[in-house]
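Residues per chain, in single letters:
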Amino acid sequence: MATSSCIFCQIARSSTSTILLHQDHKVIAFQDINPSAFRHYLVIPIEHIPTVNDLHKRSEDYTLVSHMLNVGQTLLQRDAPQAKEYRFGFHQPPFNSIDHLHLHCLALPFIPRWRELKYSSLGPLGGFVEAGMLLERIKPSF
């Protein structure tokens, strides 16, 4: 459910001047306002989902995250084909900045270089979780 105070819900409802790079019935994508890499995009679900902790081993969550990743990969391959490395993932609470699920899509290098620390796993403490690792965590058992 959308919340009026959530900036990402406002962007999803086109209530801001944010330029969208992608829009479909499930997600939207746009540039991060404070980029940490050569290219730094965010892919968010239109539906308000607070954090990765609200995702479960269900086919709908797995399908959503897979779709978010596919959109991010497609955008970076289109806009930064020369990048030697890409990184895709989510910040886990308490390290997330906005309580609306968002996939960071980064075409490296990091700018400045120290920003890499912000996009690293902190093991059991959380931090940044790679999209592939999250998909493994929420993959439904069939």
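Preceding this section is the structure that the text describes.
The structure contained in this document is the topic of the report that follows.

About the thresholds
- Residues numbered from 1 in each chain as written.
- Predicted model: local features only at pLDDT ≥ 70, side-chain atom pairs only at ≥ 80, totals over all residues.
- Heavy atoms only, no water.
- Helix = DSSP H or I, 4+ residues; strand = E, 2+ residues; numbered from the N terminus.
- Buried < 20%, exposed > 50% of the residue type's maximum accessible area, 1.4 Å probe, protein only.
- Lys, Arg positive; Asp, Glu negative; His and termini not counted.
- Salt bridge = Lys/Arg side-chain N within 4 Å of Asp/Glu carboxyl O.
- Polar contact = N/O pair within 3.5 Å; in protein donor to acceptor, adjacent residues only side chain to side chain.
- Contact = heavy atoms within 4.5 Å.
- Axes fitted to C-alpha atoms, helices over the stretch in contact; angles between N-to-C directions.
- Parallel < 35°, antiparallel > 145°, perpendicular 65-115°, else oblique.
- Left-handed = near helix turned anticlockwise from the far one by under 90°.
- Nonpolar A, V, L, I, M, F, W, Y, C, P; charged D, E, K, R; others polar.
- 1 Å grid on protein atoms, 1.4 Å probe; cavity = no way out; pocket = protein on both sides within 12 Å on 5 of 7 lines; lining within 4 Å.
- Points joined across faces, edges and corners; volume = space filled by probe spheres on them.
- Expected span 1.5 Å × (residues − 1).
- Arc of directions from axis to C-beta.
- Pairing = 2+ DSSP bridges.

## Some words on the side chain of aspartate 32
Mapped onto the elements of the fold, aspartate 32 is located in the loop between β2 (27-31) and β3 (37-45). Comment: no salt bridge for buried aspartate 32; closest opposite-charge side chain is lysine 118, at 6.5 Å. At 2.7 Å, the side chain of aspartate 32 forms a polar contact with the backbone nitrogen of asparagine 34. When residues no more than four places from it in sequence are discounted, the contact partners of aspartate 32 are His40, Tyr41, Leu42 and His104.

## Some words on the environment of serine 15
Mapped onto the elements, serine 15 comes out in the loop between α1 (7-12) and β1 (20-23). With 114 residues separating them in the primary sequence, serine 15 and valine 129 have C-alpha atoms 30 Å apart.

## Things to note about the packing of helix α2 (residues 59-79) against helix α3 (residues 131-138)
Where α2 meets α3, the closest approach of the two axes is 9 Å, and the angle between their N-to-C directions is 165°. Regarding the angle of α2 to α3, the classification is roughly antiparallel. Where α2 crosses over α3, the handedness of that crossing is left-handed. Within the contact between the two elements, α2 uses Asp61, Tyr62, Val65, Ser66 and Leu69 and α3 uses Ala131, Leu134, Leu135 and Ile138. Classifying every residue of the contact of α2 with α3 gives seven nonpolar, one polar and one charged.

## So, the layout of surface pockets
Estimated volume of the largest pocket: approximately 330 Å³. As for the largest pocket, its lining consists of 21 residues, of which Phe8, Asp32, Ile33, Leu42 and Ile98 are closest to the centre. Elements that contribute at least two residues to the lining of the largest pocket include exactly α1, β2 and β3. With three residues, the single largest contributor to the lining of the largest pocket is α1. Taken together, the residues that form the lining of the largest pocket break down as nine nonpolar, nine polar and three charged.

## With respect to α2
Working note: α-helix, 3.6 residues per turn, so residues spaced by three or four point in the same direction. Taking 1.5 Å of rise per residue, the 21 residues of α2 would be expected to cover 30 Å, and the 30 Å separating its terminal C-alpha atoms lies within 8% of that figure. Among all positions of α2, only Asp61, Leu64, Val65, Met68, Leu69, Val71, Gly72, Leu75 and Leu76 are buried. Down the axis of α2, the sector holding all buried residues measures 160°, keeping them to one side. Its buried side turned inward, α2 meets β1, β2, β3, β4 (86-91), β5 (103-110) and α3.

## Some remarks on the side chain of serine 36
You can see serine 36 is positioned in the loop between β2 and β3. Residue serine 36 is classed as buried on the basis of its relative accessible area, which comes to 0%. For serine 36, the side chain forms a polar contact with the side chain of tyrosine 119, separated by 3.2 Å. Among residues more than four places away in sequence, those in contact with serine 36 are Leu106, Phe110, Ile111, Arg115 and Tyr119.

## Points about the sheet that holds β2
Spatial strand order, β1-β2-β3-β5-β4-β6: six strands in an open sheet with antiparallel pairing. The open sheet terminates on both sides in strands that have one partner only, identified here as β1 and β6 (128-130). Direction aside, neighbouring strands of the sheet carry axes that sit 30° apart on average. Alignment of β3 against β5, held across six bridges, turns out to be antiparallel. By the bridge assignment for β5, valine 43 is matched with leucine 103. Each of β1, β2, β3, β4 and β5 touches α2; the most contacted strand, β3, lies at about 150° to it. Contacting β4, β5 and β6, α3 crosses the sheet at an angle of about 80° to β6.

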